[in-house]
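Listed here are the chains, written in short residue letters.
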Amino acid sequence: MLKNNVETIVEGNKVIYKRYFDVPAELLFEVWSMPDHLSEWWGPDGFTLTTKNMDFTNGGIWEFIMHGPDGHDYKNKIQFTDIKEPRYIIYKHLGDGEGDHDVHFESKIIFEEVGEGTNLTMEQIFPSKEELERVNEKYGAIEGGKQHIGNLAKYLEKLK
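Residues numbered from 1 in each chain as written. Predicted model: local features only at pLDDT ≥ 70, side-chain atom pairs only at ≥ 80, totals over all residues. Heavy atoms only, no water.

Looking up the chain in an unreviewed UniProt entry gives the name ATPase, with the organism given as Leptospira hartskeerlii. Checking UniProt for the chain, the heading Sequence similarities (unreviewed entry) contains the comment "Belongs to the AHA1 family." (UniProt positions renumbered as here; feature names shortened; annotations may be inferred.)

Take a look at the structure:
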């Protein structure tokens, strides 16, 4: 697992991001699960976040808006399907929550304690390889995922 860098693996319909963080799993889990933390780092470079509502429970819904650096707002809706604190968070991205399922995938966020730090693995699983390629072409999803993890790292440095 890489420290200070994101390892990215593309396998068919799946993108896997891995990075080591020099923080306990409990803290890493917390910054993935609380709106106050998420608003400080969520998304690719230049994006900001507004949470409309968040029910961080199995089956719960998180509705939020990502504000792009170009001024465009991107509505998002996520359903948490399996949460085990502080080990993992699994959710389905359900599009914009208003019937537009333009981007639909499942994410698995895994927190693995290693000494005093944590290995983070973020898997994004798309319905098909073609769908992953389409979303990457349209939105720059893979690079955005790398930036997403990078912004998490910057936020964690501020918390230390």
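Moving on from the model shown.
### A word on the packing of helix H1 (residues 25–33) against helix H4 (residues 141–159)
Packed helix pairs are characterised by how far apart their axes lie and by the angle those axes make with each other. Contact geometry of H1 with H4 gives a least axis separation of 12 Å together with a crossing angle of 115 degrees. Crossing angle aside, the handedness with which H1 passes H4 is right-handed. From H1, Leu 27, Leu 28, Val 31 and Trp 32 reach across to H4, where they touch His 148, Ile 149, Leu 152, Tyr 155, Leu 156 and Leu 159. Counted by class, the contact of H1 with H4 contains 9 nonpolar, 1 polar and no charged residues. (Axes fitted to C-alpha atoms, helices over the stretch in contact; angles between N-to-C directions. Helix = DSSP H or I, 4+ residues; strand = E, 2+ residues; numbered from the N terminus. Left-handed = near helix turned anticlockwise from the far one by under 90°. Contact = heavy atoms within 4.5 Å. Nonpolar A, V, L, I, M, F, W, Y, C, P; charged D, E, K, R; others polar.)

### Let's talk about H4
The terminal C-alpha atoms of H4, which comprises 19 residues, lie 27 Å apart, in line with the 27 Å expected from a rise of 1.5 Å per residue. Considering only its buried residues, H4 is in contact with strand S1 (7–11), strand S2 (14–21), H1, helix H2 (35–41), strand S8 (117–125) and helix H3 (129–139). (Expected span 1.5 Å × (residues − 1).)

### Re the layout of surface pockets
The space that makes up the largest pocket amounts to roughly 800 Å³. If you go around the largest pocket, you meet 34 residues; those closest to its centre are Met 66, Asn 76, His 93, Val 103 and Tyr 139. Grouping the constituent residues of the lining of the largest pocket by class yields 16 nonpolar, 11 polar and 7 charged. (1 Å grid on protein atoms, 1.4 Å probe; cavity = no way out; pocket = protein on both sides within 12 Å on 5 of 7 lines; lining within 4 Å. Points joined across faces, edges and corners; volume = space filled by probe spheres on them.)

### Some points on the pairing of S8
The two faces of a sheet get side chains in turn, since along a regular strand they alternate between them. Burial runs high along S8: 9 of the 9 residues are buried. Side chains Gly 117, Asn 119, Thr 121, Glu 123 and Ile 125 of S8 all project onto a buried face; the interleaved residues Thr 118, Leu 120, Met 122 and Gln 124 project onto the opposite face, where all are buried too. As paired elements, S2 and S8 share 8 bridges and run antiparallel to each other. Residue pairing across strands places Lys 18 opposite Thr 121, the latter belonging to S8. (Buried < 20%, exposed > 50% of the residue type's maximum accessible area, 1.4 Å probe, protein only. Pairing = 2+ DSSP bridges.)

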